[in-house]
Amino acid sequence: MLRLCGLGVVLSLVAAAAAVLGVWLMDWWGPRSGLRLFVPEELARYRGGPGDPGLYLALLGRVYDVSSGRKHYEPGAHYSGFAGRDASRAFVTGDYSEAGLVDDVTGLSSSEILILHNWLSFYEKNYIFVGRLVGRFYGEDGLPTSELIQVEAMVTKGMEANEQQQRDKQKFPPCNAEWSSAKGSRLWCSQKSGGVNRDWIGVPRKLYKPGAKEPHCVCVRTTGPPSDQQDNPRHSNRGDLDNPNLEEYTGCSPLAMECSFPI
């Protein structure tokens, strides 16, 4: 039952993320009556200094009034470099230099683009959307450019990768691990190891993932059908022990829930 509940939480999170993405896309393509369009030179005036018309920043071409967070963005504040411009790349890289405070997200991975989407959700929730920035992500007609459409595709890819990662974690939860200079290494499984609540404990195994340089320790079910054969009545009742990507730890009993490796 705990396993089902855990999977339900994962699916709920995925559905929520997809809903946010859906709202974002609807806003991209939705009605634009009364929508304000900024050009970079105009947005640059909104840095929150004396005589400036306001305190705005842009993220992926969407402009937000961040006046309510003035202490973070006003001149001299830690994030003042974000004001009056689109510095999307810096949200991921943490490079707050002039060279890093740019809107060019070329070369970022889908997981990094997904971080940008999470930041976008943060600004949607906490600040006031005031318009779109004409340039890299929106054209003079206020519609998304091909570059923004590519970003959206990477967001979708990132969400799918996260969903797969959560499914993998439910199937093979990470082991508990500790090391000390006196006792060496210890690996063990519990019903909460890896942060995955479940109704089974499992045994430690090395999991080799395609593309990974080194295996990592996971907890593996020892009874019931394999995870990919839940409806097979003629299973071996060995859980996932026979998965070809798994390997036993040398010197550890095959069904031990704990493995120790003294120095």
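- By the naming in an unreviewed UniProt entry, the protein chain is Neuferricin, taken from Mesocricetus auratus.
- The heading Function (unreviewed entry) in the UniProt record of the protein chain holds the text "Heme-binding protein which promotes neuronal but not astrocyte differentiation."

### Re the overall build of the protein chain
- When its secondary structure is counted, the protein chain shows six helices and ten strands.
- Here the protein chain, with 263 residues, has 37% of them falling under the buried criterion.
- Once local pairs closer than 6 in sequence are excluded, the contacts in the protein chain between residues at least 24 apart make up 58%.
- For the protein chain, the accessible surface area stands at approximately 14,700 Å², while carbon and sulfur atoms represent 55% of it.

### With respect to the nonpolar core
- Val66, Leu116, Tyr123 and Val151 are the most contacted members of the largest nonpolar core, which totals 27 residues.
- Within the residue set of this core, elements represented by two or more residues are strand 2 (56-59), helix 4 (88-93), helix 5 (110-126) and helix 6 (146-171).
- Counting residues in hydrophobic clusters, the runner-up holds nine residues, among them Cys175, Cys189, Cys217 and Cys259.

### Considerations on unusual backbone geometry
- A positive phi angle, close to 50 degrees, is found at Leu60, a residue other than glycine.
- In this fold, Leu60 is placed in the loop between strand 2 and strand 3 (62-65).
- Classification of Leu60 as buried rests on a relative accessible area of 1%.
- For Asn237, which is not a glycine, the phi torsion comes out positive at approximately 60 degrees.
- Its location among the elements puts Asn237 in the loop between strand 8 (216-220) and strand 9 (246-247).

### Some words on the packing of aromatic side chains
- Summed over the entire model, instances satisfying the criterion amount to 19 aromatic pairs.
- Ring plane angle 80 degrees and centroid distance 6.2 Å describe the contact between Tyr73 and Tyr127, whose orientation is recorded as edge-to-face. With Tyr73 in helix 3 (residues 70-73) and Tyr127 in the loop between helix 5 and strand 4 (128-133), the pair connects residues that are 54 residues apart, well separated along the chain. Residues Tyr73 and Tyr127 agree in their burial class; the two are buried.
- With a centroid separation of 5.4 Å and 75 degrees between ring planes, the pair formed by Phe82 and Tyr96 is classed as edge-to-face. Here Tyr96 lies in the loop between helix 4 and helix 5 and Phe82 lies in the loop between helix 3 and helix 4, a separation of 14 residues in the sequence.
- Residue classification places Tyr96 among the partly exposed positions, given a relative accessible area of 36%.
- An aromatic cluster of at least three residues, connected via ring pairs, comprises Tyr64, Tyr73, Tyr79, Phe82, Phe91, Tyr96, Trp119, Phe122, Tyr123, Tyr127 and Phe129.

### Considerations on the pairing of strand 5 (residues 176-180)
- Pairing of strand 5 with strand 6 (residues 184-188), which is carried by five bridges, proceeds in the antiparallel orientation. Following the sheet pairing, Ser180 is matched in strand 6 by Gly184.
- The hairpin formed by strand 5 and strand 6 contains three residues between the paired strands.

### Thoughts on the sheet that holds strand 9
- With antiparallel pairing, three strands are arranged side by side in an open sheet as 8-7-9. Since the sheet does not close on itself, it has two edges, and those belong to strand 8 and strand 9, each with one partner.

### Considerations on the environment of Arg221
- For Arg221, the location among the structural elements is in the loop between strand 8 and strand 9.
- In this structure the C-alpha to C-alpha distance between Arg221 and Val203, which are 18 residues apart in sequence, comes to 6.9 Å.
- Not counting the four nearest positions on each side in its chain, Arg221 is found in contact with Trp200, Pro226, Ser227, Gln230, Arg238, Gly239, Asp240 and Leu241.
- Among the polar contacts made by the side chain of Arg221, one reaches the main-chain carbonyl oxygen of Thr223 at a distance of 2.9 Å.

Parameters at a glance
- Residues numbered from 1 in each chain as written.
- Predicted model: local features only at pLDDT ≥ 70, side-chain atom pairs only at ≥ 80, totals over all residues.
- Heavy atoms only, no water.
- UniProt positions renumbered as here; feature names shortened; annotations may be inferred.
- Helix = DSSP H or I, 4+ residues; strand = E, 2+ residues; numbered from the N terminus.
- Buried < 20%, exposed > 50% of the residue type's maximum accessible area, 1.4 Å probe, protein only.
- Contact = heavy atoms within 4.5 Å.
- Areas by Shrake-Rupley, 256 points an atom, 1.4 Å probe, with all protein chains shown as cover.
- Core = buried A, V, L, I, M, F, W, Y, C linked by side-chain atoms within 4.5 Å.
- Phe/Tyr/Trp six-rings, centres within 6.5 Å; stacked < 30°, edge-to-face > 60°.
- Pairing = 2+ DSSP bridges.
- Polar contact = N/O pair within 3.5 Å; in protein donor to acceptor, adjacent residues only side chain to side chain.

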